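Descriptive analysis of the structure
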Amino acid sequence: SDSVLLRWNHYFTGTETTLRSSYRYYQDSFGIRSSTFDLEYVFALADDWKITPLLRYYTQSAADFYYDPAANDPWSDQDTVGAPISVVYPLFVGGGDASMDQRLSEFGAITWGLKIEKPLSQKWTVDFKYEKYGQRSDWSINKGSPGLDNFSAASYQFGLNFSF
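To keep things clear, this report deals only with the structure shown in the data block. Quick caveat, the model's predicted, so the values are computed rather than measured.

1. Focus: the packing of aromatic side chains
Considering all chains together, one arrives at 12 aromatic pairs under this definition. The interplanar angle of 55° and the centroid separation of 4.9 Å between the aromatic rings of tyrosine 41 and phenylalanine 43 together place this pair among those described as tilted. Ring centres of tyrosine 133 and phenylalanine 151 lie 6.0 Å apart, and the angle between their planes is 65°; on these two criteria the pair is classed as edge-to-face. Of the two residues, tyrosine 133 sits in strand β6 (residues 124-136) while phenylalanine 151 sits in strand β7 (residues 151-162), which places them 18 residues apart along the sequence. Aromatic rings pair up to connect Trp112, Phe128, Tyr130 and Tyr156 into one cluster.

2. Overview of the side chain of serine 35
On the secondary structure map, serine 35 appears in strand β3 (residues 33-44). Among the polar contacts listed, one links the side chain of serine 35 to the side chain of tyrosine 23, at a separation of 2.9 Å. With sequence-adjacent residues up to four places away left out, serine 35 is seen in contact with Tyr23, Arg24, Tyr25, Tyr57, Tyr58 and Thr59.

3. Some details on the sheet that holds strand β4 (residues 50-60)
Adjacent strands of a sheet pair through backbone hydrogen bonds, lying either parallel or antiparallel. A sheet is described by the order of its strands in space; here seven strands give the open sequence β1-β2-β3-β4-β5-β6-β7, paired in antiparallel fashion. The sheet is open, and its two borders are formed by β1 (2-12) and β7, each paired with just one other strand. Neighbouring strand axes in the sheet, compared pairwise and without regard to direction, differ in orientation by 10° on average.

4. Side note on the pattern of salt bridges
Going through the model one piece at a time under the given rule, you end up with five salt bridges. Of the charged contacts, one joins glutamate 40 and arginine 20 as a salt bridge, the two residues approaching to 3.0 Å between their closest N and O atoms. With glutamate 40 in strand β3 and arginine 20 in strand β2 (residues 17-27), this residue pair connects regions lying 20 residues apart in the sequence. Here arginine 56 ties to aspartate 38 by a salt bridge, and the two come within 2.8 Å at their closest N and O atoms. Linking arginine 56 in strand β4 with aspartate 38 in strand β3, this pair joins segments that are 18 residues apart in sequence. For arginine 56, a relative accessible area of 24% gives the class partly exposed. Judged by its relative accessible area of 22%, aspartate 38 falls in the partly exposed class.

5. Some remarks on the environment of serine 3
Examined against the element boundaries, serine 3 turns out to sit in strand β1. A C-alpha to C-alpha distance of 6.4 Å links serine 3 and glutamine 27, two positions 24 residues apart in sequence. When neighbours within four sequence positions are excluded, serine 3 is seen to be in contact with Arg24, Tyr25 and Tyr26.

6. Let's talk about a nonpolar patch on the surface
Together, Leu120, Trp124, Phe128, Tyr156, Phe158, Leu160, Phe162 and Phe164 make up an exposed nonpolar region whose accessible area comes to about 1,000 Å². Mapped onto the nonpolar patch, the elements with two or more residues apiece are β6 and β7. You can see phenylalanine 158 is positioned in strand β7.

What counts, and where the lines are drawn
- Residues numbered from 1 in each chain as written.
- Predicted model: local features only at pLDDT ≥ 70, side-chain atom pairs only at ≥ 80, totals over all residues.
- Heavy atoms only, no water.
- Phe/Tyr/Trp six-rings, centres within 6.5 Å; stacked < 30°, edge-to-face > 60°.
- Helix = DSSP H or I, 4+ residues; strand = E, 2+ residues; numbered from the N terminus.
- Polar contact = N/O pair within 3.5 Å; in protein donor to acceptor, adjacent residues only side chain to side chain.
- Contact = heavy atoms within 4.5 Å.
- Pairing = 2+ DSSP bridges.
- Axes fitted to C-alpha atoms, helices over the stretch in contact; angles between N-to-C directions.
- Salt bridge = Lys/Arg side-chain N within 4 Å of Asp/Glu carboxyl O.
- Buried < 20%, exposed > 50% of the residue type's maximum accessible area, 1.4 Å probe, protein only.
- Patch = residues over 30% accessible without salt bridge, like charges linked within 9 Å, V, L, I, M, F, W, Y side chains within 5 Å.
- Areas by Shrake-Rupley, 256 points an atom, 1.4 Å probe, with all protein chains shown as cover.

The structure is reproduced here in structure tokens:
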């Protein structure tokens, strides 16, 4: 696999805010190509509190050997919907690569969230972060993999940081 990461952080003195931005490109031997765009905007508040809204967009292409599990089976009648076993099984038996694992499909994802942090002393900081993640095939830059189920999740994170 290969990846390239570009970052740009900018501090605005007039508002005491910071924009953190990044772009990552990734490719691997499976044929997956992905891009990730990240934005965070840090607001400094009274009494050393900080609040950081964040937004991330991710998109990836399907692996070269990915087969959509909801595609019509070409060896069956037109109304058959389900895993295309008649396509995947001969590849598998013949020693070829084939997978219906949806993590290898083409999709896009959006994450948004908010982080709140407060220094407790010169060395200790406490923070809380909430993120909401959504994944859909039609959020891909290209067409997306048909039949991919939408997915969403929420995460809560509590942190305690000691600097030395």
